Amino acid sequence: MRILAAAMATLLSGALFAALVFLQLDVIKRRETVDAAFDSQLVARPEIHNPEIDAQLIQETDKDLLRRVDFKSLKARSEDVDCWVYLPDTNVDFPVMQEPDNMPPGEFYYLWRDIDGIEDKSKGGSIFKPYVPLEPGEEPGMVTIMFGHRMKNRELAFSNMKLFLEQDYFDAHPYVYVYYPDRAERYAVWAACNADYRDEVYRIYPVYEAGSNSYQALLTHIGSDLAKACSDRTVTNEDELLVLSTCYQDDTRMFLAAVLDRTHYYNGYGADWSDGR
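Residues numbered from 1 in each chain as written. Predicted model: local features only at pLDDT ≥ 70, side-chain atom pairs only at ≥ 80, totals over all residues. Heavy atoms only, no water.

Here we come to the overall build of the protein. When you go through the protein residue by residue, the secondary structure sums to 5 helices and 9 strands. When the helices and strands of the protein are placed in sequence order, the string is α-α-α-β-β-β-β-α-β-β-α-β-β-β. For the protein, the residues scored as buried account for 38% of the 277 residues in total. For the protein, contacts bridging at least 24 residues in sequence account for 64% of all contacts bridging at least 6. Total accessible area on the protein is roughly 16100 Å²; 54% of this is exposed by carbon and sulfur atoms. (Helix = DSSP H or I, 4+ residues; strand = E, 2+ residues; numbered from the N terminus. Buried < 20%, exposed > 50% of the residue type's maximum accessible area, 1.4 Å probe, protein only. Contact = heavy atoms within 4.5 Å. Areas by Shrake-Rupley, 256 points an atom, 1.4 Å probe, with all protein chains shown as cover.)

Considering all chains together, one arrives at 11 aromatic pairs under this definition. Where Y177 meets Y179, the ring centres are 6.4 Å apart and the plane angle is 10 degrees; that geometry is what we call stacked. Accessibility assignment for this pair places Y177 and Y179 in one class, buried. Three or more aromatic residues link up through ring pairs in this structure, and these residues are F108, F128, F147, Y202 and F255. If you follow R68 out to its NZ or CZ, it ends over the ring of Y266, 3.7 Å from the centre. Stacked on the ring of Y175, the Lys or Arg R186 has its end atom at 4.0 Å from the ring centre. (Phe/Tyr/Trp six-rings, centres within 6.5 Å; stacked < 30°, edge-to-face > 60°. Lys NZ or Arg CZ within 6 Å of the ring centre and 35° of its normal.)

Another aspect to go through is the layout of surface pockets. What the largest pocket holds in volume is close to 490 Å³. K129, V132, P140, V143 and T144 are the residues nearest the centre of the largest pocket, which is lined by 26 residues in total. Secondary structure elements with two or more residues in the lining of the largest pocket: β4 (143-147), β6 (183-196) and β8 (241-247). Tallied by class, the residues present in the lining of the largest pocket amount to 18 nonpolar, 3 polar and 5 charged. (1 Å grid on protein atoms, 1.4 Å probe; cavity = no way out; pocket = protein on both sides within 12 Å on 5 of 7 lines; lining within 4 Å. Points joined across faces, edges and corners; volume = space filled by probe spheres on them. Nonpolar A, V, L, I, M, F, W, Y, C, P; charged D, E, K, R; others polar.)

Time to look at the pattern of salt bridges. Within the structure shown, the criterion is met by 10 salt bridges. The partner of R67 in a salt bridge is D93, with the nearest N and O atoms 2.9 Å apart. Note that R67 is positioned in the loop between α2 (51-61) and α3 (71-77) and D93 in strand β2 (residues 93-98), a separation of 26 residues in sequence. Judged by relative accessible area, which is 27%, R67 ranks as partly exposed. D93 gets classed as partly exposed once you look at its relative accessible area, which sits at 26%. Here D196 makes a salt bridge to R198, at a shortest N to O gap of 2.8 Å. Using a relative accessible area of 28% as the deciding quantity, one classes D196 as partly exposed. When salt bridges that share partners are traced, they join D62, R186 and D261 into one network. (Salt bridge = Lys/Arg side-chain N within 4 Å of Asp/Glu carboxyl O.)

When pLDDT is averaged across the protein, the result is 80; 72% of the residues are at 70 or more. Within the model, pLDDT remains below 50 along residues 269-277, and this stretch shows 33 contacts once partners closer than five positions in the same chain are excluded. (pLDDT = per-residue confidence, 0-100.)

Here we take up the nonpolar core. Membership of the largest hydrophobic core comes to 37 residues, with the highest contact counts inside it found for V143, Y179, W190, Y215, I222, L241 and F255. For this core, the elements supplying multiple residues, two or more each, are α3, β1 (81-86), β4, β5 (175-179), β6, α5 (213-226), β8 and β9 (252-265). In terms of nonpolar packing, the next biggest core, distinct from the first, is built from 25 residues, F158, F164, M254 and A258 among them. (Core = buried A, V, L, I, M, F, W, Y, C linked by side-chain atoms within 4.5 Å.)

For the rest of this paragraph, the subject is the environment of L244. Residue position: L244 is located in strand β8. For L244, the residues in contact, after removing those within four places along its chain, are V85, L87, M146, F158, M161, V176, M254, F255 and L256.

Here we come to the environment of L134. Tracing the chain through its elements places L134 in the loop between β3 (127-129) and β4. Assessed through its relative accessible area of 29%, L134 is described here as partly exposed. Taking the C-alpha atoms as reference, L134 lies 8.5 Å from V207; in sequence the two are 73 residues apart. Sequence-distant contacts of L134, that is, excluding residues within four places in its chain, are made with E139, P140, Y205 and V207.

This paragraph deals with the side chain of S126. If you trace the backbone, S126 turns up in the loop between β2 and β3. The contact partners of S126, leaving out residues within four places of it in the chain, are M97, Y110, L111, R113, D114, I115, F147 and G148.

The buried fraction of β9 is high, at 11 of 14 residues. Note that β8 and β9 share 7 bridges and pair antiparallel. Looking at the pairing, L241 lines up with V259 of β9. As consecutive antiparallel partners, β8 and β9 are separated by 4 residues, and within that stretch D250 has a phi angle of approximately 50 degrees, a positive value. (Pairing = 2+ DSSP bridges.)

Laid out in structure tokens, this is it:
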């Protein structure tokens, strides 16, 4: 009987041990599954609150989103500095001025003036945003326009933008970056176009609202009627559009349309890595 009892005890002990081992392996497997899912979510859309981790992840994907501009120095020269625009591997790497609200219709202060307000037509003026007469509390709309000259000196303003009309050059330069004091925005280049200066794309006000039929009609018009080179990206009336425009021939303009697809906040909070809005 003692031998039988000892044998049964050994058997039960072994079974208990096996059960505990199985349970531990199951816990480890579940933990690995959860960790893998979390890691996958982190890579796809990192809602993180650690600036060092944030910077490391962005560095692995797009170092230009970490670029910083000394807005303190720029603002000391002019309060009209709004942002900075950068097109990698081109000459476009300039501050962007906000037009004042006191200019007569059709006239622009920074058309031939630099950041310091000095007028010199040989230097091509500044890149600037037109003033938009928004009502109190009104949202700025889905289209942001920046204007710049096309000069014989290819190092000035938007002088080299016409190269985007060639599909090979267009494909080789997929992004535009816009920097603000608190964030960096990346826009995916969507279409390079020619248009009359009276085209609807240059409508300053009323603004194009998100989800509106008028905004969808504008996007369709750009993609179907105006584009000379374009990407295969699907653009909807929920996408924010950046338009970089310059003169071309006679009364025509050339512009580059790009869609917001990344925003990085410098403090590391609320980084948005989703495609589109």
